[in-house]
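Survey of secondary and tertiary structure
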Amino acid sequence: MIRTTFLCRLAVAFVSLSALVAYAAQDDIPADAPPLSPEQSLATMHLTEGYRVELVAAEPLVRDPVDIAWGPDGRLWVVEMLDYPLGIDDSGQVGKDSESTPGGRIRYLQDTNNDGTYDTATTFLDGEKFPTSIAVWRQGVIVTAGSEIFYAEDTTGDGKADQRRTLFTGFAQDNTQLRVNGLEYGLDNWLYLANGLTTRGEIRSEITGETLTLGARDLRINPDTGEMQPLSGESQFGRVSDDHGNWFGVHNSYPVWHYVLEDFHLRRNPHIALGDPKNHFDLPRNLPVYPRSQFMHDYDHPHRGSLLTSACGLTLYRDSLLFPRDQLHVLTCEPQHNLVHRQVLRRNGPTFTAHRHADETHSEFLAAEDLWFRPVKARTGPDGALWIVDMYRYLIEHPQWMPPEAQQRYRPHYRTGHDRGRIYRVVPDNAEARPITRLDQLDPHQLVAALDSPNGTQRQRAQQLLIWNADDAATPPLKKMAAEHTNPLARLHALCTLDGLGELTSTLIAHALQDDHHAVRRHAVRLAAAHPDDRACTQRVAQLADDPDATVRLQAALTLGQWDHASAGEALGHMAVTDADNHWLRAAVMTGALTHHAALVDAVINAADSTLSPLTTDLLTMALAQNDRDAIARLLEPVVNPRDDGPGADQLRVLAQWQDSLARRGSSIEQLRTAADDALAQRLKQIPPLLKTARGIAADTESEESFRLAAIDVLGRRPGHHADDYETLIALINTRTSTHLQTTALAALRRIGHDQTPPLLLNKWASLLPAVRPAALDTLLTRADWTLALLEEVDAGRVAASHIDTARQQQLTNHNDQRVREHARTLFASSEATDRAQVLATYQAALELEGDPENGREVFAQACATCHRVDDLGHEIGPNVLSLTDRSPQGLLAAILDPNQNIDPRYATYSLTLADGQVLMGILAGETSNSITLLTLDAQAHTILRRDVAQLTSLDLSLMPEGLEAAINLQDMADLIRFLRQPQ
C-alpha cells in the first residue's frame, strides 16, 4: 500500500500555486513547474506504508548534491556538482564537457546541537570539475572529479583543503553523467569504483607510474600504494557491496546486477572465454516503473513515464532498522521519474534472483509528485536510516541526449535549480533513527566493539579506522572477536580488519573455515589463498568443495585454482562433476584449469555417463593449448564413440566446438593425426565416419530439426572434407528448408570459405526468403573478396541496393578494406553524401501528416527492427526506442535521420577483425581481461578470446545508420513516428 493523505494533496496544491506566484517574477524559473520548498516537496512524497521521510539538510547548506559520506567525527561530506551539465558559466559544448569552466565543490555538514539535522556547512574545496563521488580516507578525503581521482586534506585546521594530490588520471570526460564514480570501501580493504561507461583508454597511477587500459571494466585501487586492478564491469553510477562482500552495479536501463565473478579471477585462464561475469537477474531492459509525477517538458511523451530510463545511485540496504535482516533490499534512484525503486534479492546458488516487493507490484518504494525531486544517490546511513540525495533540478537530462531544437530552447534552464539541493532519510513509522556514533572518540577496544553494530556503514568505518590507527592494543580483542563472537558479521569484519593490519594468522583462518555462517567461511576461503603452504588451511578449503552453500563452493573453486597442490586439483575435479550443471560454479572451476587440467580431465572422464560433461569442450580447448595429446584422446573417446542409436546431438555439438578450437589455433584433425602414432591418432580415425553420418543427418528431411541443426554445425570445419560438406550445405539453401536450418548452413559456409560461395549465393539471391537474406549478407560480408563480389552484383543491378539495409550499408562504407570502402561509397553515395540538415528540413513536412500506427509498425519492421525492439518486434541491440529521452515528433525525426549527431558510447559501432581475416561489426557488449563480447546485427553475442582478435576499432559511428530516408517516404515517416509514440 502507498501512504498519502488528502491534506497532503491539498497542501501541495496550495504551495504549488503560491510557489508559482513567488517565482513568476524570476526569469530563471520556468512557469510550467515551479520549485517547492523542502517542506512542500516533502509533502508530495508517497512511500510504501510503514515508512516516513525526514529532511536532514537543504539549501543553503547544500546545493546540487550527488554523493555523501560520513566521517568518523560525525561530519557529513557532500559532493556538489554545481557545474552540471556544461560548466559553472554554461560555457561548455554538448558532448565536450572538458572544455567547460569547473565549479563543483566539496563541503562538510555538522550537527552542532545534536538534534539529528545539520545546521552548519563548510566549503572544503571549490572549483572542481564535475565531482561525482567521495570517500573519507585517513585525515582527508578521496574524490573522483574530471579526469582524475585525488586526495585532499586540511593540515592547518581551518576547515579548508590546503593539500591536494592527484592519485590516478586518464578517465574519460565526454559526458558529466558518464564518468568515473562510486567510491566504495570493500571488505578486502580495497577502494572500488564504477567506470561510468565511457573510459576505454589508458589510466595511470601517479604514485607508481603504472598504466592500465581499463576498457569496459570497473576498477579497484589502493590509494596508499597506488595499486590498481580492473574489475568485472562496468557500472554506470554506483558500484556497491552488501554485508557479505557481494558487489553490484547499475545501468540507466537496469536497476541492479550482480558481479558473480571478478576479472582478477577470470584472467588466470587466457584460453577460455567464460562469458558475461554478471547476472542481470533476467530483469527486462527498461522495466516498468510507476511515477507519481507528470512530465513537464514538451519534448517528453507520457508513454515513457512507464519505463525505467535513468537508474543510478543504488545501494544495498545494510541494517535491520527498515527491513528484516534476512532480506536483501536494493534501492535504486530514478531521477527522471522522481522516484526510488526497490528490488528484493533472494539467494539462489552463488548468486540471486530479483523481484519487486509484494507491496509494490504497481507502485514504488518512494515517489514524489514534485517534478524537481531528483534522487541521484541512496546510502545506508550510520543511524540505520536510508539516506536519499536529491540534486533538486528543473532539468536532469544532459543536453547531449536532447535534440538541437530542445537544446536551444532549454539552454537558459540547464542550471535552473543550481542554488538548491536536499538530503532526506527514510525511517520506519514506529521508530527513530539511531544516534550516529562518534568513532573518532573511541579507544581501540571500543572501536573493535563497534564492529558488532547492526549497521554496515559503521562496521565499515570502524574497520578502516582500526587499520589506519594500527594500534597494537586492538589486535587481541580483534582475534578474540574473530574466534568467539556470536555475531557473524562482527566475526567477518574482525577477520578482514586483521588482514588489513597484517595480523591474520593461518590458525585463525583455519578456525574461520569451520564457522557456522556461510559468509565467514567464504571470506576465510578467500583469505586462505595467501597461505598455500599451511596444511590445515589447504585441507579444510579442499573439504569445502562439498560445502552446502554455493557461495562458499564458488570461492573454494577460485582459491583452489590458485594453488598447485594435488589435493587442490582433486577437489576441483570433484566440483567439476558435482557442480557441472551450474554455469557460475563451472566457470569458477575453469579459472584454475591451467594448473589443474589433468585432475579435471580425470574427474570428468571417470564420472562419464550417457551424456557428455558441460566441461568437455573447455577441457578439450585447454588440452589443445597445452598440447596434451593423451588428455585430448581421453576426452574425445565419449565424443566419437558410436552409440547404438547413432550419434547424439551432444556429441555433435562438442565435436563442432572442438574443431573451432583447432581452427583458432591454426591446427586441424589431420595435423594432429599425423603428428604421432598414439592413442590420439587412433581416436581421430573415428571422426570421418561420424562426420559422414552428420552429413546424412543434415540432409535428412525426416530427422528432427534440432538434430539436423547439431549435424549442420559440425560441417565445414575439416579442410579435407570441405567439398562434400559444401554440396550438402548449398543444397540446404532453398525455399523448402526452414529459415533456421538455412541460416545455420550459411554459418557453416562462412567457415569453409569456398571461392564458389559468393557466386552460388548471389545466383540464388532472387529466390532467397526475406528472413534468410540478412544471414546471406552477413556471410558475404565476412571476407573482403566476397563483399566485393556482392557490391559488383549491386552495381550491375542483379541485387537490389534496397536489399542491403542501411545498417549494413554503413558497415560497408566504413569497412577497413579500402577497396570495399571506396566501392560502397560510390554505390551508396546518395545517402553517404547527403547533408543531414537538408534531409531533416525536407522531412519536416512529415510532422504535418496524419500517421497510421498500423503501417508505422510495418515500416519499423522493415527499417528499424534490425537493431531496435518495440513490444515483441525486432532485436534488442540498440537502445529501447520507448526509453529515448526525447520522443516528441521532432526528436524522433532527428534520431531517425541524424543518428550520429550525439552518439551514446554504449551503442557505438566497432569493427573486429579475427586472426583468420573474418570481420565482425557490432557493439561492444562487454569485456574481461581475456575476452571481448561483440553483439552483431543478427542479435548474436560473439565472445572472443583477445588472442584471436587481430584488430578492434571503434568507427565513432552510431550502430544506427544514416540514410534511412532512402527507404522511408514522408507518409511512411509520419506513420513510423505515430507508431513509436503510441506502440501497441
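So, here's what we can say about the structure. Bear in mind the structure is a predicted one, so any value in this text is a computation, not a measurement.

Concerning the sheet that holds strand E11 (residues 163–169)
- Taking strand neighbours across the sheet as the criterion, the 6 strands line up as E8-E9-E10-E11-E14-E15 in an open arrangement whose pairing is antiparallel. Of all the strands in the sheet, just strand E8 (131–137) and strand E15 (211–213) have a single pairing partner and so form its edges. Each strand axis lies, on average, 25 degrees off the axis of its neighbour in the sheet, ignoring direction.
- With 6 bridges joining them, E8 and strand E9 (residues 140–145) adopt antiparallel strand pairing. Bridging from a neighbouring strand, valine 136 pairs with valine 141 of E9.

Thoughts on the packing of helix H26 (residues 773–780) against helix H27 (residues 784–796)
- It is the contact of H26 with H27, at a shortest axis distance of 7 Å, that shows an interaxial angle of 125 degrees. By the angle between their axes, H26 is oblique relative to H27. Between H26, through Leu777, Thr779 and Leu780, and H27, the contact on the second element is made entirely by Trp786, Thr787 and Leu790.
- A breakdown of the residues in the contact of H26 with H27 according to their chemical character gives 4 nonpolar, 2 polar and no charged.

Some thoughts on empty space enclosed by the protein
- The final tally for this structure, using the stated rule, is 10 cavities of 30 Å³ or more.
- Within this model, the second largest cavity holds a volume of roughly 230 Å³.
- Glu184, Arg379, Thr457, Gln460 and Arg461 are, among the 25 residues lining the second largest cavity, the residues nearest its centre.
- At the level of secondary structure, the elements contributing two or more residues to the lining of the second largest cavity comprise strand E4 (65–70), E8, strand E12 (181–185), strand E18 (240–241), strand E22 (312–316), strand E27 (375–380) and helix H6 (456–469).
- Among the elements that make up the lining of the second largest cavity, the one with the highest residue count is H6 (5 residues).

Overview of a negative patch on the surface
- Among the surface-exposed residues, Asp443, Asp471, Asp472 and Glu503 lie close enough to one another that they form a single negatively charged patch.
- With respect to the element layout, aspartate 443 can be found in the loop between strand E29 (422–428) and helix H5 (444–449).

Examining the pattern of salt bridges
- Applying the stated criterion to the full structure yields 49 salt bridges.
- We note a salt bridge from aspartate 224 to arginine 138, for which the minimum N-O separation is 2.8 Å. Highlighted residues: aspartate 224 in the loop between strand E16 (218–222) and strand E17 (227–231) and arginine 138 in the loop between E8 and E9, separated in sequence by 86 residues.
- Judged by its relative accessible area of 38%, aspartate 224 falls in the partly exposed class.
- For glutamate 206, the salt bridge goes to arginine 204, with nearest N and O atoms at 3.3 Å.
- A relative accessible area of 35% places arginine 204 in the partly exposed class.

Focus on the packing of aromatic side chains
- Following the criterion strictly, the structure yields 17 aromatic pairs and no others.
- A network of ring pairs unites the aromatic residues Tyr51, Tyr317, Phe323 and Phe365 as a single cluster.
- Lying over the aromatic face of tyrosine 392, arginine 422 brings its terminal NZ or CZ to 3.7 Å of the ring centre.
- Cation over ring: arginine 783 sits above tryptophan 786, and NZ or CZ is 5.0 Å from the ring centre.

Examining unusual backbone geometry
- Of note, the amide linkage connecting glutamate 59 to proline 60 takes the cis form, showing an omega dihedral of 10 degrees.
- Position of proline 60 among the secondary structure elements: in the loop between strand E3 (51–58) and E4.
- A cis amide bond links tyrosine 84 with the next residue in sequence, proline 85, at an omega value of 0 degrees.
- Of note, proline 85 is situated in the loop between strand E5 (76–80) and strand E6 (104–110).
- Even without glycine at this site, phenylalanine 281 takes up a positive phi of about 65 degrees.
- Considering the arrangement of structural elements, one finds phenylalanine 281 in the loop between strand E21 (278–279) and E22.
- The exposure class of phenylalanine 281 is buried, given its relative accessible area of 8%.
- The backbone phi angle of tyrosine 392 is positive, close to 50 degrees, even though this residue is not glycine.

Some thoughts on the sheet that holds E16
- Judged by pairing direction, the sheet is antiparallel, and its 4 strands sit side by side in the order E12-E13-E16-E17 without closing on themselves. Of all the strands in the sheet, the pair left with one neighbour each is E12 and E17. Between one strand axis and the next, the sheet turns through 25 degrees on average, direction left out of account.
- Sheet topology places strand E13 (residues 191–194) next to E16; 3 bridges connect them, and they run antiparallel. By the bridge assignment for E16, tyrosine 192 is matched with arginine 220.

Considering the nonpolar core
- Counting residues in each nonpolar core, the largest one holds 153 residues, and the members touching the most others are Leu219, Leu560, Trp658, Leu729 and Leu790.
- Among the elements that line this core, the one with the most residues is helix H17 (residues 629–640), at 7 residues.
- Every residue in contact with leucine 560, bar those within four places of it in the chain, is listed here: Val541, Ala542, Ala568, Ala571, Leu572 and His596.
- Counting residues in each nonpolar core, the second largest holds 58 residues, with Tyr118, Ile134, Leu322 and Leu366 among its members.

Observations regarding H17
- Along its 12 residues, H17 runs 16 Å from first to last C-alpha, staying within 8% of the 16 Å computed at 1.5 Å per residue.
- Looking at the buried side of H17, the elements it contacts are helix H15 (593–606), helix H16 (616–625), helix H18 (649–664), helix H19 (669–675), helix H20 (679–684) and helix H21 (687–699).

Thoughts on the side chain of asparagine 195
- For asparagine 195, the position within the fold is in the loop between E13 and strand E14 (202–205).
- Engagement of the side chain of asparagine 195 in a polar contact is seen with the backbone nitrogen of leucine 197, the distance being 3.1 Å.
- What asparagine 195 contacts, discounting residues up to four positions off in sequence, is Arg179, Val180, Arg200, Leu214, Gly215, Arg217, Asp218, Glu234 and Ser235.

Each value, and the rule that gives it
Along every chain, residues carry numbers that run from 1 in the direction the sequence is written. Only residues with pLDDT of at least 70 are given local features in this predicted model, and only at 80 or more are side-chain atom pairs given and counted; all residues enter the totals for whole chains, interfaces and linings. In computing side-chain properties, one takes all heavy atoms of the structure into account and sets aside hydrogens as well as water. For two strands to pair, DSSP has to find at least two bridges joining them. The way it works is that DSSP assigns letters per residue, a run of H or I at least four long becomes a helix, a run of E at least two long becomes a strand, and they are numbered from the N terminus. Orientation is described by axes fitted as lines to C-alpha atoms, over the contacting stretch for helices, and by angles from 0 to 180 degrees between their N-to-C directions. In what follows, roughly perpendicular refers to angles from 65 to 115 degrees, roughly parallel to angles under 35, roughly antiparallel to angles over 145, and oblique to any angle outside these ranges. We call two residues in contact whenever any of their non-hydrogen atoms come within 4.5 Å of each other. Residues are sorted three ways: Asp, Glu, Lys and Arg are charged, Ala, Val, Leu, Ile, Met, Phe, Trp, Tyr, Cys and Pro are nonpolar, and all the rest, Gly among them, are polar. A cavity here means a set of 1 Å grid points, computed over protein atoms only, where a 1.4 Å probe fits but cannot escape. A pocket is an open set with protein on both sides within 12 Å along at least 5 of 7 lines, and lining residues have an atom within 4 Å of a point. Grid points are joined across faces, edges and corners, and a volume is the space filled by probe spheres set on the points. Think of a patch as exposed residues, more than 30% relative accessible area, with no salt bridge, where like charges cluster within 9 Å and nonpolar side chains (Val, Leu, Ile, Met, Phe, Trp, Tyr) cluster within 5 Å. Here the accessible surface of atoms and residues is derived via Shrake-Rupley with a 1.4 Å probe, and residues count as covered only by protein chains that are part of the display. We define a salt bridge as a contact between a side-chain nitrogen of Lys or Arg and a carboxyl oxygen of Asp or Glu at a distance within 4 Å. This count recognises Lys and Arg as positive and Asp and Glu as negative, with His and chain-terminal groups excluded. A charge is said to be at NZ when it belongs to Lys, at CZ for Arg, at CG for Asp and at CD for Glu. Only protein chains enter the accessibility calculation, which uses a 1.4 Å probe. A residue is then buried if its area is under 20% of the maximum for its type, exposed if over 50%, and partly exposed in between. Any pair of Phe, Tyr and Trp rings, taking the six-membered ring for Trp, is counted once the centres come within 6.5 Å. Such a pair is stacked with planes under 30 degrees apart, edge-to-face with planes over 60 apart, and tilted for the rest. Criterion for a charge above a ring: Lys NZ or Arg CZ within 6 Å of the ring centre, and within 35 degrees of the ring normal. Among buried residues, the Ala, Val, Leu, Ile, Met, Phe, Trp, Tyr and Cys ones that are joined through side-chain atoms within 4.5 Å form a nonpolar core. Any helix carries an expected span of 1.5 Å times its number of residues minus one. Under this definition, polar contacts are N or O atom pairs within 3.5 Å; protein pairs additionally need one hydrogen-donor-capable and one acceptor-capable atom, and for neighbouring residues in sequence, both atoms have to be side-chain atoms.

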